[in-house]
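Okay, here's what each chain looks like letter by letter:
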Amino acid sequence: MNNVPKLDVKDVLKMLKGAPHRARRQILARVVKPRYPRHLYKYRSVTTDPAAKFDALRMYLVESRLRLSSRRDFNDPFDVVAQVSAEAEPDQMKAHFRKMLLANDPKQSEKEREARVAHMMGLPLESWKKTAEESFNGQADKVGIFSLSIKPRDILMWSHYGDNHTGVCVQFEVAGDPLTFLYALPVRYKEQFPKLNWMGPNVADQLTDALLQKHPGWIYEAERRIVLPNAAHAFISFQPAALTRIVLGARIDDARRAALDALLKERATHGFPPVELMQARLGPDRYRLTLHKVA
């Protein structure tokens, strides 16, 4: 198995197509390299206000939907940034401008297009750098992002995103809906900004790199991200069977537990698969969390 080549998401989906759930789990665990995590996790608070306009937990349990965020929603202002440039040889710049103009106005005559290319070539490089930065920021703001983790027992994650342990951690199984969760790509952690050359090839890939890179201070999150262009604040659906477990925070109170139970009952009325409940508990002798089944 060590000699199996790395596969992209589309290759993996072809392998999984038509396979039953157990077979999908085995393929993801034994064949695909690099190995995908079996489960992904989302830490959430539990809404107790019935008049709340947005209840993410209900959306997961009852509606089987995920809401994609914008980078503008994140608590880290360094999230999704890049060192943008606009540098290329003259022939590459001309080719870039021709491609851009053709995409924006395919009905424009070749003579008109070449005249505009000549004009654009005469503009100072600094003006194109500014244009590149504006283009990057405009595209980055529109990208939809859904963040997950591969760790359900992280002490910092519970405190930062689990509402001080009064919330929950929702578990999704990748094999339960590979069409959705295989696109949760790993975040890289580096000191330097990713670089994006607006004039270079594969600008879309460079943008994806920027979407999947953060400062090393965030490495404890072990984050994976679903990223979709032009989908900020949009919703995507997933298979209900992919939601397999909910871990209760160590400090969850009766009101939040009652709100969760109500959601689970509503889920059952839709005929969705049952969800296993676990309880997080503080370790008795060291800083760690243990998970225990809830009857």
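Reading the values: the criteria
Residues numbered from 1 in each chain as written. Predicted model: local features only at pLDDT ≥ 70, side-chain atom pairs only at ≥ 80, totals over all residues. Heavy atoms only, no water. Axes fitted to C-alpha atoms, helices over the stretch in contact; angles between N-to-C directions. Helix = DSSP H or I, 4+ residues; strand = E, 2+ residues; numbered from the N terminus. Parallel < 35°, antiparallel > 145°, perpendicular 65-115°, else oblique. Left-handed = near helix turned anticlockwise from the far one by under 90°. Contact = heavy atoms within 4.5 Å. Core = buried A, V, L, I, M, F, W, Y, C linked by side-chain atoms within 4.5 Å. Buried < 20%, exposed > 50% of the residue type's maximum accessible area, 1.4 Å probe, protein only. 1 Å grid on protein atoms, 1.4 Å probe; cavity = no way out; pocket = protein on both sides within 12 Å on 5 of 7 lines; lining within 4 Å. Points joined across faces, edges and corners; volume = space filled by probe spheres on them. Nonpolar A, V, L, I, M, F, W, Y, C, P; charged D, E, K, R; others polar. Phe/Tyr/Trp six-rings, centres within 6.5 Å; stacked < 30°, edge-to-face > 60°. Lys NZ or Arg CZ within 6 Å of the ring centre and 35° of its normal.

## Brief notes about the packing of helix α1 (residues 9-16) against helix α2 (residues 21-30)
Between α1 and α2, whose axes approach to 10 Å, the crossing angle comes to 140 degrees. Classified by the angle between their axes, α1 and α2 sit oblique to one another. As for how α1 packs across α2, the hand of that crossing is right-handed. Within the contact between the two elements, α1 uses Val12, Met15 and Leu16 and α2 uses Arg24, Ile27 and Leu28.

## Observations regarding the nonpolar core
Across soluble globular proteins, nonpolar side chains show a tendency to be buried alongside one another. The biggest cluster of nonpolar side chains holds 43 residues, and the ones touching the most others in it are Tyr60 and Leu61. Among the elements of the structure, α1, α2, α3 (56-63), β4 (144-149), β5 (168-173), β12 (243-248) and α10 (254-269) are those that each provide at least two residues to this core. Contacts of Leu61, omitting those with residues within four sequence positions, involve Leu243, Ile246, Leu260, Leu263, Leu264, Arg267, Phe272 and Val275. If you look at the next biggest cluster of nonpolar residues, it comprises 22 residues, including Met93, Ala140, Ile145 and Leu196.

## Examining the layout of surface pockets
Left-over empty space is what a probe sized like a water molecule reveals as it rolls over the atoms. Reported here for the largest pocket is a volume of approximately 620 Å³. Taken together, 28 residues make up the lining of the largest pocket; nearest its centre are Lys42, Arg44, Phe74, Ser147 and Tyr161. Elements supplying a minimum of two residues to the lining of the largest pocket: β1 (39-44), α3, β4, α7 (155-161) and β10 (223-228). Element by element, the count of residues in the lining of the largest pocket is highest for β4, at five residues. Looking at side-chain class alone, the lining of the largest pocket contains 13 nonpolar, five polar and 10 charged residues.

## Regarding the packing of aromatic side chains
Each pair of aromatic rings is reported with the distance of its centres and the angle of its planes. Applying the stated criterion across every chain yields a total of nine aromatic pairs. Ring centres of Tyr60 and Phe146 lie 6.2 Å apart, and the angle between their planes is 90 degrees; on these two criteria the pair is classed as edge-to-face. Residue Tyr60 is found in helix α3, and its partner Phe146 is found in strand β4; the two are separated by 86 residues along the sequence. A ring pair is formed by Trp218 and Tyr220, whose centres lie 6.5 Å apart and whose planes are at 25 degrees; its orientation type is stacked. Comparing Trp218 with Tyr220 shows no difference in burial state: the two are buried. The structure contains a cluster of three or more aromatic residues connected by ring pairs, namely Tyr60, Phe146, Phe172, Phe181 and Phe238. Between Arg65 and the ring centre of Phe235, over which it is positioned, the NZ or CZ distance is 4.2 Å. The side chain of Lys214 reaches across the aromatic face of Trp218, ending 4.6 Å from its centre.

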